[in-house]
Amino acid sequence: MSGDGTVGKACDVLDLVAGFNRPVRFGELLDHSPFPKATLYRFLQTLTNQGMLNFDPDRQSYAPGIRLMRLAHAAWTQSSLAPIARPHLDALSRDLGETVHLAQLDASQVLYVDKRNAEQPVEMYSQAGKVGPAYCTGVGKAMLAFLPEKALNLALSQQSYFRFTPNTLASEKELRAELETIRSDGYAFDREEHEPGIICIAAPILTPNGRMLGAISITGPTSRTDLTQLEEWAPLVRQAADDIGREAQAWRFPDIQQEKVILT
């Protein structure tokens, strides 16, 4: 639960509603809420009145409101790499036919900013707007590898190292060793470390001066691709990431106060 007073608690309620990924009734929210019944109801009423939530009187359910969607769209278009990366994601998706992800770090975790589905989509965890672990995903490891040392130490201390699959790197020592390889190669793999049957190759998005902005990946199921195939695509993924980084520096991300920006 947030420690930022009323605003923080209201944000907690928004997160709770959004986390269901479907319209949700009051009773379900109450079962998962840290707030008493009357407090939760008051927050829901206020958020609905402000357009942040939508209440369906027929189904007696709550869902994210139009105002919240408008704010989310503004954040997506103004504060992320998404507009810059969009044509590069489209090109990779069109040329390779597999799933393409764009991600950035958020509080030492992976925030999936954008996604292009494969020609033959398969179900996987990652969706735009979702947050995932950094230590066991290709995009996460690609970003961690190119953080400044102080920011890296902080990020590694905030990983859970939960073992999702037998291939998960479940300790900081193992992860640090792989990050050295990623720095040398310029790309990272997910070897079924987060989800069984799902592999990827990822490259960091760096400005020409070396500031880490995010990462992109090509992801596919082991039923139709393998690590050898993914590695053949490494030059394409790295080139797209380099192009995004160069365009981002020229547009929105000047290289000033690098370490301070990454840590805050």
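Residues numbered from 1 in each chain as written. Predicted model: local features only at pLDDT ≥ 70, side-chain atom pairs only at ≥ 80, totals over all residues. Heavy atoms only, no water.

**Topic: the overall build of the protein chain**
Okay, step 1: Across its full length, the protein chain carries eleven helices and nine strands.
Okay, step 2: In the protein chain, buried positions account for 47% of the 264 residues.
Okay, step 3: As displayed, the protein chain has an accessible area near 13,500 Å², and 51% of this comes from carbon and sulfur atoms. (Helix = DSSP H or I, 4+ residues; strand = E, 2+ residues; numbered from the N terminus. Buried < 20%, exposed > 50% of the residue type's maximum accessible area, 1.4 Å probe, protein only. Areas by Shrake-Rupley, 256 points an atom, 1.4 Å probe, with all protein chains shown as cover.)

**A few points about the pattern of salt bridges**
Any two side chains of opposite charge can pair, so long as their charged atoms come close to each other.
Okay, step 1: Enumeration over the complete set of coordinates arrives at 13 salt bridges.
Okay, step 2: One salt bridge connects Asp 95 with Arg 94, and the closest N-O pair in it is separated by 3.8 Å. Across this residue pair, the class does not change: Asp 95 and Arg 94 are exposed.
Okay, step 3: The residue Glu 178 makes a salt bridge to Lys 141 at a minimum N-O spacing of 2.7 Å. With Glu 178 in helix α8 (residues 172–185) and Lys 141 in helix α6 (residues 138–144), this pair connects stretches of sequence that are 37 residues apart. Of the two residues, Glu 178 and Lys 141, neither departs from the other in class, the shared state being buried.
Okay, step 4: Several salt bridges converge on common partners, so that one network encompasses Lys 141, Glu 178, Arg 191 and Glu 193. (Salt bridge = Lys/Arg side-chain N within 4 Å of Asp/Glu carboxyl O.)

**Topic: the pairing of strand β5 (residues 109–116)**
Okay, step 1: Of all eight residues making up β5, six are buried, and the element is well covered by its neighbours.
Okay, step 2: Where strand β4 (residues 99–106) and β5 come together, seven bridges link them in antiparallel fashion. Residue pairing in the sheet places Ala 103 in a bridge with Tyr 112 of β5.
Okay, step 3: Of the strand pairs in this sheet, β5 and strand β6 (residues 131–132) are connected by two bridges, and their pairing is antiparallel. Each residue of the ladder has a partner; that of Val 110, found in β6, is Gly 132. (Pairing = 2+ DSSP bridges.)

**Section: the sheet that holds strand β2 (residues 53–56)**
The strands making up a sheet associate through backbone hydrogen bonding, with each pair oriented either parallel or antiparallel.
Okay, step 1: An order of β1-β3-β2 is seen for the three strands of this open sheet, with the pairing classed as antiparallel. Looking at strand neighbours, the two that pair on one side only are β1 (24–25) and β2, the edges of this open sheet.
Okay, step 2: Sheet topology places β1 next to strand β3 (residues 61–64); two bridges connect them, and they run antiparallel. What sits directly across from Arg 25, in β3, is Ser 61.
Okay, step 3: On top of the sheet, helix α1 (residues 5–19) reaches β1, β2 and β3; it is set at about 100° to β3, its chief contact. (Contact = heavy atoms within 4.5 Å. Axes fitted to C-alpha atoms, helices over the stretch in contact; angles between N-to-C directions.)

**Details of the packing of aromatic side chains**
Okay, step 1: Per the stated rule, a full pass over the model turns up six aromatic pairs.
Okay, step 2: Ring geometry for Phe 26 versus Tyr 41: centroids 6.1 Å apart, planes at 75°, classification edge-to-face. Pair noted here: Phe 26 is in helix α2 (residues 26–32) and Tyr 41 is in helix α3 (residues 37–49), with a separation of 15 residues, a long-range link.
Okay, step 3: Given a relative accessible area of 19%, Phe 26 falls into the buried group.
Okay, step 4: Owing to a relative accessible area of 44%, Tyr 41 belongs among the partly exposed residues under this scheme.
Okay, step 5: Ring geometry for Phe 55 and Tyr 62: centres 4.8 Å apart, planes at 45°, overall tilted.
Okay, step 6: Given the relative accessible area of 3%, Tyr 62 is considered buried. (Phe/Tyr/Trp six-rings, centres within 6.5 Å; stacked < 30°, edge-to-face > 60°.)

**Overview of the nonpolar core**
Okay, step 1: Formed by 27 residues in total, the largest nonpolar core has its most connected members in Leu 102, Ile 201, Ile 205, Ile 216 and Ile 218.
Okay, step 2: For this core, the secondary-structure elements that each account for two or more residues are α5 (82–96), β4, β8 (198–206), β9 (212–221) and α10 (234–251).
Okay, step 3: Grouped together as the second largest cluster of nonpolar side chains are 25 residues, Ala 134, Ala 142, Ala 151 and Leu 152 included. (Core = buried A, V, L, I, M, F, W, Y, C linked by side-chain atoms within 4.5 Å.)

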